[in-house]
Amino acid sequence: MEFFKNTSTILYGFLVWLVIAPRFNSPKYGESFLAYMTALLFCLIASSEIMMIKPVAFFFTIGGSIAFCYVVARMAIKFSIKK
């Protein structure tokens, strides 16, 4: 299947989108996160349109979607130790 053939592309997409992701400590985190989410949405729409011609772009964006889920989970789940 094409999915297993393009796992390296998915990994590259994950790493690139993870580097682009806004940092939680930044003062304008909400605005940066909205821009990040919008950019990923437009990339998903564009890559789904050209999926038959260049499937690599689609798999790269799938890695970005996984990175987005990771960023949201990292923001939602917090561990704290009370002394």
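Note that the structure is predicted; figures quoted are calculated from it, not measured.

Enquirer: Before we go on, may I ask you to explain the packing of aromatic side chains in this structure?
Expert: Given two aromatic rings, one states the distance between the centres and the angle between the planes to describe the pair. Here the structure, examined in full by the defined rule, presents six aromatic pairs. Arranged with centres 5.8 Å apart and planes meeting at 70 degrees, the rings of F58 and F59 form a pair that is edge-to-face. Judged by its relative accessible area of 19%, F58 is buried. Ring-pair connections join several aromatic residues into one group, and the members of that group are W17, F33, Y36 and F68.

Enquirer: Can you help me understand the side chain of T61 in this one?
Expert: Within the secondary structure, T61 is located in helix α4 (residues 55-76). The residues touching T61, leaving out its near neighbours within four places in the chain, are L40, C43, L44 and S47.

Enquirer: So what exactly am I meant to see when it comes to the nonpolar core here?
Expert: A general tendency of soluble globular proteins is for nonpolar side chains to be buried together. With 11 residues, the main nonpolar core is built from F14, W17, L18, A21, Y29, F33, Y36, L40, A67, F68 and V71. Contact partners of F14, with chain neighbours within four places excluded, come to G63, G64, I66, A67 and Y70.

Enquirer: Help me understand the environment of F58 in this model?
Expert: Tracing the backbone through its elements, the reader meets F58 in helix α4. Between the alpha carbons of F58 and F4 there is a distance of 14 Å; along the sequence they are 54 residues apart.

Enquirer: Where do I start with the confidence of the model for the chain in this structure?
Expert: Any segment with low pLDDT has predicted coordinates that should not be analysed in fine detail. The pLDDT averaged across the chain works out to 81; a share of 96% of its residues lies at or above 70. When pLDDT is averaged over each element of the chain, helix α2 (residues 7-20) comes out on top at 87 and helix α1 (residues 2-5) at the bottom at 72.

Conventions adopted
Each chain has its residues counted from 1, following the order in which its sequence is written. Thresholds applied to this predicted model are a pLDDT of at least 70 for local features of residues and 80 or more for the giving and counting of side-chain atom pairs; totals over whole chains, interfaces and linings are not thresholded and use all residues. Processing note: side-chain calculations cover all non-hydrogen atoms of the structure and skip hydrogens and water entirely. What counts as a ring pair is set by centres within 6.5 Å for rings of Phe, Tyr and Trp (its six-membered ring), and what kind of pair is set by the plane angle: stacked under 30 degrees, edge-to-face over 60, tilted for all other angles. A 1.4 Å probe rolled over the protein chains alone gives each residue an accessible area, and that area as a share of the maximum for its type sets the label: buried under 20%, exposed over 50%, partly exposed in between. Working definition: helices are DSSP H or I runs of at least four residues, strands are E runs of at least two. Numbering for both runs from the N terminus. Every residue pair with non-hydrogen atoms within 4.5 Å of one another is taken to be in contact. Here, the term nonpolar core denotes a set of buried Ala, Val, Leu, Ile, Met, Phe, Trp, Tyr and Cys residues that are joined through side-chain atoms within 4.5 Å. Across the chain, each position has a pLDDT score giving the predictor's confidence in that residue, from 0 to 100.

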